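Spelled out from the first residue to the last, the chains are:
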Amino acid sequence: MSITFEQVGRTFAGKAEGIALSPPCDAGTIQTILAALDRFGVVVLAGQKMTPDEQIAFSEQLGPLENSDEGNPKYRKLREDMKYTDQRVSEISNLVDGATILGATDMRRIFQYANQFWHADSTFRPVRARYTFLQAILVPRDGGDTEFADMATACEELPQALREEAEGLIGIHSPRTIMDHLGATRPDQGGFFSELPDQPRPIIETHPGSGRQVLNIGSHLSHIEGMPMPEGRALIAALREHACDPRYRYRHRWTPGDLVIWDNRSTLHRACRYRENDQPRQLVRTLVEDR
Ligand SMILES: O=C(O)CCC(=O)C(=O)O
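In this text the structure is predicted, and so the values were computed from the model without any measurement.

What counts and how
Positions within a chain are numbered from 1, following the residues in the order the chain's sequence is written. Confidence filtering applies because this is a predicted model: local features only for residues at pLDDT of at least 70, side-chain atom pairs given and counted only at 80 or more, and all residues used for totals across whole chains, interfaces and linings. Side-chain measures were taken over the full set of non-hydrogen atoms in the model, leaving aside hydrogen atoms and water. Labels follow the DSSP assignment, with helices taken as runs of H or I lasting at least four residues and strands as runs of E lasting at least two, numbered in each case from the N terminus. This radius of gyration counts C-alpha atoms alone. The globule rule is 2.2 Å times how many residues there are, raised to the power 0.38. The classification of residues rests on relative accessible area computed with a 1.4 Å probe and restricted to protein chains. Under 20% of the type maximum is buried, over 50% is exposed, and intermediate values are partly exposed. We call two residues in contact when some of their heavy atoms are within 4.5 Å. Cavities and pockets were defined on a 1 Å grid built from protein atoms only: a cavity is a group of points that admits a 1.4 Å probe but offers it no way out, a pocket is an open group of points flanked by protein on both sides within 12 Å along at least five of seven lines, and a lining residue is one with an atom within 4 Å of any such point. Grid points are joined across faces, edges and corners, and a volume is the space filled by probe spheres set on the points. In the scheme used here, Gly and all other residues not listed as nonpolar or charged are polar, with Ala, Val, Leu, Ile, Met, Phe, Trp, Tyr, Cys and Pro taken as nonpolar and Asp, Glu, Lys and Arg as charged. Definition used for salt bridges: Asp or Glu carboxyl oxygen within 4 Å of a side-chain nitrogen of Lys or Arg. Definition of a polar contact: a pair of N or O atoms within 3.5 Å, with one able to donate and the other able to accept a hydrogen when the atoms are protein atoms, and with sequence-neighbouring residues admitted only if both atoms are side-chain atoms. Each pair of aromatic rings taken from Phe, Tyr and Trp, with Trp reduced to its six-membered ring, is defined by centres within 6.5 Å and is described as stacked if the planes are under 30 degrees apart, edge-to-face if over 60, and tilted in the remaining cases. Pairing between strands is defined by DSSP: at least two bridges between them are needed. In this analysis, axes come from line fits to C-alpha atoms, helices being fitted only over the stretch in contact, and the angle between any two N-to-C directions falls in the range 0 to 180 degrees.

Another aspect to go through is the overall build of the protein. Helices and strands together make up the secondary structure of the protein, namely eight helices and 17 strands. Scaling as 2.2 N^0.38, a compact globule of 291 residues should have a C-alpha radius of gyration of about 19 Å, and the protein matches this with 18 Å. Taking all 291 residues of the protein together, 56% fall into the buried category. Across the protein, the fraction of contacts at a sequence separation of at least 24, relative to all contacts at a separation of at least 6, is 79%.

Attention shifts here to the layout of surface pockets. Its volume calculated, the largest pocket comes out at about 290 Å³. Taken together, 16 residues line the largest pocket, and the ones lying closest to its centre are Thr177, Ser219, Leu221, Ser222 and Arg233. Broken down by element, the lining of the largest pocket gets its largest block of residues, five residues, from helix 7 (residues 176-182). For the lining of the largest pocket, the per-class residue count stands at five nonpolar, six polar and five charged. The calculated volume of the second largest pocket comes to roughly 150 Å³. For the second largest pocket, the full set of lining residues is Ala104, Thr105, Ile110, Tyr113, Leu182, Gly183, Ala184, Asp188, Gln189 and Gly190. Tallied by class, residues from the lining of the second largest pocket come to five nonpolar, four polar and one charged.

Side chains that differ in sign of charge can pair as their charged atoms come close. Applying the stated criterion to the full structure yields 21 salt bridges. Residues Arg265 and Asp263 are paired through a salt bridge, measuring 2.9 Å at the closest nitrogen-oxygen approach. Looking at Arg265, the relative accessible area reads 8%, which means it is buried. Asp263 sits in the buried class, given a relative accessible area of 0%. Connected through shared salt-bridge partners, Arg128, Arg130, Glu205, Asp263, Arg265 and Asp290 make up one network.

Considering the arrangement of structural elements, one finds Gln55 in helix 2 (residues 52-60). There is a polar contact of 3.0 Å between the side chain of Gln55 and the side chain of Gln135. Setting aside chain neighbours within four positions, we find Gln55 in contact with Met50, Phe133, Gln135, Leu259, Val284, Arg285 and Thr286.

In this chain, Pro23 is followed by Pro24 through a cis amide linkage whose omega measures 0 degrees. Phi at Ala13 takes a positive value of approximately 75 degrees, unusual for a residue other than glycine. Inspection of the secondary structure assignment puts Ala13 in the loop between strand 1 (6-7) and strand 2 (14-16). Look at Ala13 and you get buried, because its relative accessible area is 0%.

Let's shift gears to helix 4 (residues 107-114). Most of helix 4 sits out of view: six of its eight residues are buried. All of the buried residues in helix 4 are Met107, Arg108, Arg109, Ile110, Gln112 and Ala114.

Counting across every chain of the model gives five aromatic pairs. Pairing Phe111 with Phe192 gives two aromatic rings, centres 6.3 Å apart and planes at 90 degrees, and the pair type is edge-to-face. Taken together, the positions of Phe111 in helix 4 and Phe192 in the loop between helix 7 and strand 10 (199-202) put the pair 81 residues apart, joining distant regions of the chain. With relative accessibility at 26%, the residue Phe111 sits in the partly exposed group. By relative accessible area, Phe192 is classed as buried at 6%.

Sheet strands pair via backbone hydrogen bonds, and the direction of the pair is either parallel or antiparallel. The strand order 1-2-3-15-7-17-4 describes an open sheet built from seven strands, whose pairing is mixed. Since the sheet does not close on itself, it has two edges, and those belong to strand 1 and strand 4 (90-93), each with one partner. Pairing between strand 7 (residues 129-138) and strand 17 (residues 282-289): eight bridges, direction antiparallel. Across the sheet, residue Leu138 finds its bridge partner in strand 17, namely Gln282. Sitting on the sheet, helix 2 is in contact with strand 3 (42-45), strand 7, strand 15 (259-263) and strand 17, with an inclination near 25 degrees to strand 17.

Structure below.
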């Protein structure tokens, strides 16, 4: 099957329409999608309507899948009353059992507030996510888009002084960074905890597929190794302000059945706000590990 992509963002993001994949896909199709991910960072495949099992089968063709419970067993039971219970799937949703809106202080709601900060998936785990697959099941009437930022073009266009400051630095990533910011590590505000150790990752790295330099500065980044925390955090804020400028962004407005795949090594993303107390939103996510 031949798939052609049209660039939909100013600097990145490609969209293919009029193809419905039925996994498992042939090797040529998988190669085309991998090449598109190297080139565009974000790939939109409209009109898929895959079952969770089909999404798992398709995702696995791009690499081993992350187990969403790993590193956080305390929260396994939270997943168990979501609609999709396979641990290779995370449900990004404001619903319990596909029907009832989550309670105001439910930890699953807090995870989705965390998704509203620019990030790359699982940079706080020993093995980060290489690709994320997100498919829309239910879409709110207003809002609930997903926004992406192009870390390759942003890196190439870094002001020289910022580049000189950032080159060679190692960032320290932790799942507590955003949760602290939200106040959700406080005992009276969710009491989020994680036993995952901090993960060191270069601030600037070379993407193995495109050969382009990319910035690794999602919001799980806590501070800079060997630098006083305030100095490191001020530098991170300056880098992120540059890299997430509107000129490097693409915003995806979901239609049910859309499957969006992104490369977490070359992009950041964030969930956009919607009326989560009265409009259902349900997406199914699978993650391919970066190994
Ligand atoms: O809900 C969204 O739009 C984005 C989800 C997200 O940030 C994630 O899966 O990491």
